[in-house]
Amino acid sequence: MPGGPPARRGGKGPLIAVLVILLVLGLGVGGYFVYVELEGDSQAKPVVDTSEDLEKAPIGCAMLEEAEVAPHIPGRMDYSAGGANPGTGQLHDQGQCTWNNSGRLAKDNVRGAFVIVTSYVYHANHQLSGVDKAKEHMEDQVRTGVAVHVEGADEAELVAQEKVKWTAEIVVRYRNVVYSVTYSNQTEGANVKAGATTLAATAIGKVVKAHED
């Protein structure tokens, strides 16, 4: 009809423009807070560096062969495996082995001697690498130790044996692997420190060689 009200055009345009602006601002602000939260998490939970960790190493009786121990045990030798717990995953692999001549002393006319080896292969968790755990072992468990040189080891400690002069313990670390070698020999003139050092170097040398190969 002539004289009627004119048709309204573009009534929704300004509203759409406002919504678009609000959406862009919302995405920007939301993205900022997501970034801040992620950045905070990355700082609160740093990634553990496991590049120096070895996955496996010989443990228990696998550390040393009979022919490597025999020269340190007078007379004939027996051995027995202690506890072995490979593949514990989140904690560590552990094993133990003992060589001795205790059952043959009278027949062979020799003095008592034994070698006990204990092994640990530490694994990383969300806080510490295996190397960190192995270092903690050296700090916490070898409190009375004196630093000594053992070829191939990152750390080596001679543990004091105040009451038993014919016994020596050497604890060595290579990366996340820790070996303890206790050597006792009541034969007069036996150099137990040198014997324990030699056996520890032999054991840790196998780990180093396997890693380098």
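Rules used in this analysis
Residues numbered from 1 in each chain as written. Predicted model: local features only at pLDDT ≥ 70, side-chain atom pairs only at ≥ 80, totals over all residues. Heavy atoms only, no water. Disulfide = S-S within 2.5 Å. Helix = DSSP H or I, 4+ residues; strand = E, 2+ residues; numbered from the N terminus. Buried < 20%, exposed > 50% of the residue type's maximum accessible area, 1.4 Å probe, protein only. Pairing = 2+ DSSP bridges. Lys, Arg positive; Asp, Glu negative; His and termini not counted. Salt bridge = Lys/Arg side-chain N within 4 Å of Asp/Glu carboxyl O. Polar contact = N/O pair within 3.5 Å; in protein donor to acceptor, adjacent residues only side chain to side chain. Contact = heavy atoms within 4.5 Å. Expected span 1.5 Å × (residues − 1). Arc of directions from axis to C-beta. pLDDT = per-residue confidence, 0-100. Core = buried A, V, L, I, M, F, W, Y, C linked by side-chain atoms within 4.5 Å.

Focus: the state of the cysteines
Okay, so step 1: Evaluation of the coordinates by the stated rule reveals 1 disulfide.
Okay, so step 2: With its sulfur 1.9 Å from that of its partner, cysteine 61 forms a disulfide with cysteine 97. Between cysteine 61 and cysteine 97, the S-S dihedral sits near 85 degrees, and the bridge is therefore right-handed. Taken together, the residues cysteine 61 in the loop between α1 (13-44) and α2 (66-69) and cysteine 97 in strand β2 (residues 92-100) connect sequence positions 36 residues apart.
Okay, so step 3: Overall, cysteine 61 belongs to the partly exposed group, its relative accessible area being 25%.
Okay, so step 4: On the basis of relative accessible area, cysteine 97 is assigned to the buried category, the value being 0%.

A look at the pairing of strand β7 (residues 177-185)
Okay, so step 1: Counting buried positions along β7 yields 9 of 9 residues, so the element is predominantly enclosed.
Okay, so step 2: What you see with β7 is no split at all: Val177, Tyr179, Val181, Tyr183 and Asn185 on one side and Val178, Ser180, Thr182 and Ser184 on the other are buried throughout.
Okay, so step 3: As defined by bridge partners, strand β3 (residues 113-122) adjoins β7 across 9 bridges and the pair is classed as antiparallel. Paired with valine 115 across the two strands is tyrosine 183, which belongs to β7.

Things to note about the side chain of aspartate 53
Okay, so step 1: Note on placement: aspartate 53 falls in the loop between α1 and α2.
Okay, so step 2: In this structure, aspartate 53 is buried with no salt-bridge partner, the nearest side chain bearing the opposite charge being arginine 175 at 7.6 Å.
Okay, so step 3: Here glycine 130 takes part through its backbone nitrogen, which lies 2.7 Å from a polar atom of the side chain of aspartate 53.
Okay, so step 4: Polar contacts involving the side chain of aspartate 53 include one to the main-chain amide nitrogen of valine 131, which spans 3.1 Å.
Okay, so step 5: Not counting chain neighbours up to four residues away, the residues in contact with aspartate 53 comprise Ala124, Ser129, Gly130, Val131 and Asn176.

Observations concerning helix α4 (residues 130-141)
Okay, so step 1: When the terminal C-alpha atoms of α4 are compared, their 16 Å separation across 12 residues agrees well with the 16 Å that a helix rising 1.5 Å per residue should span.
Okay, so step 2: All buried positions along α4 are accounted for by Gly130, Val131, Lys133, Ala134, His137 and Met138. The buried residues of α4 occupy an angular sector of 165 degrees when projected down its axis, which confines them to one face.
Okay, so step 3: In this fold, the buried residues of α4 make contact with β3, β5 (155-159), β6 (167-174) and β7.

Regarding the pattern of salt bridges
Okay, so step 1: Applying the stated criterion across every chain yields a total of 6 salt bridges.
Okay, so step 2: Across the pair glutamate 68 and lysine 206 runs a salt bridge whose closest N-O atoms are separated by 2.8 Å. Note that glutamate 68 is positioned in helix α2 and lysine 206 in helix α5 (residues 192-212), a separation of 138 residues in sequence.
Okay, so step 3: Judged by relative accessible area, glutamate 68 falls into the partly exposed class, the value being 25%.
Okay, so step 4: The closest approach of N and O atoms between arginine 104 and aspartate 78, which form a salt bridge, is 3.1 Å. Of the two residues, arginine 104 sits in the loop between β2 and α3 (105-108) while aspartate 78 sits in strand β1 (residues 78-85), which places them 26 residues apart along the sequence.
Okay, so step 5: On the basis of relative accessible area, arginine 104 is assigned to the partly exposed category, the value being 23%.

A short note on the confidence of the model for the protein chain
Detailed conclusions should not be drawn from predicted coordinates in areas where pLDDT is low.
Okay, so step 1: Counting all residues, the mean pLDDT for the protein chain is 82, and 74% of those residues have values of 70 or more.
Okay, so step 2: Put simply, α1 is where the protein chain has its lowest mean pLDDT, 51, and β7 is where it has its highest, 97.
Okay, so step 3: Of the regions scoring below 50 in pLDDT, residues 31-36 engages in 0 contacts with residues more than four places distant in sequence or in other chains.

A word on the nonpolar core
Okay, so step 1: If you look at the biggest cluster of nonpolar residues, it comprises 33 residues, and the most contacted ones within it are Leu64, Trp99, Val115, Val117, Val172 and Tyr179.
Okay, so step 2: The biggest single contributor to this core is α5, with 8 residues.
Okay, so step 3: The residues touching leucine 64, leaving out its near neighbours within four places in the chain, are Val69, Trp99, Val117, Leu199, Thr202, Ala203 and Lys206.
Okay, so step 4: The next biggest cluster of nonpolar side chains, apart from the first, holds 8 residues, and it includes Ala134, Met138, Val142 and Val159.

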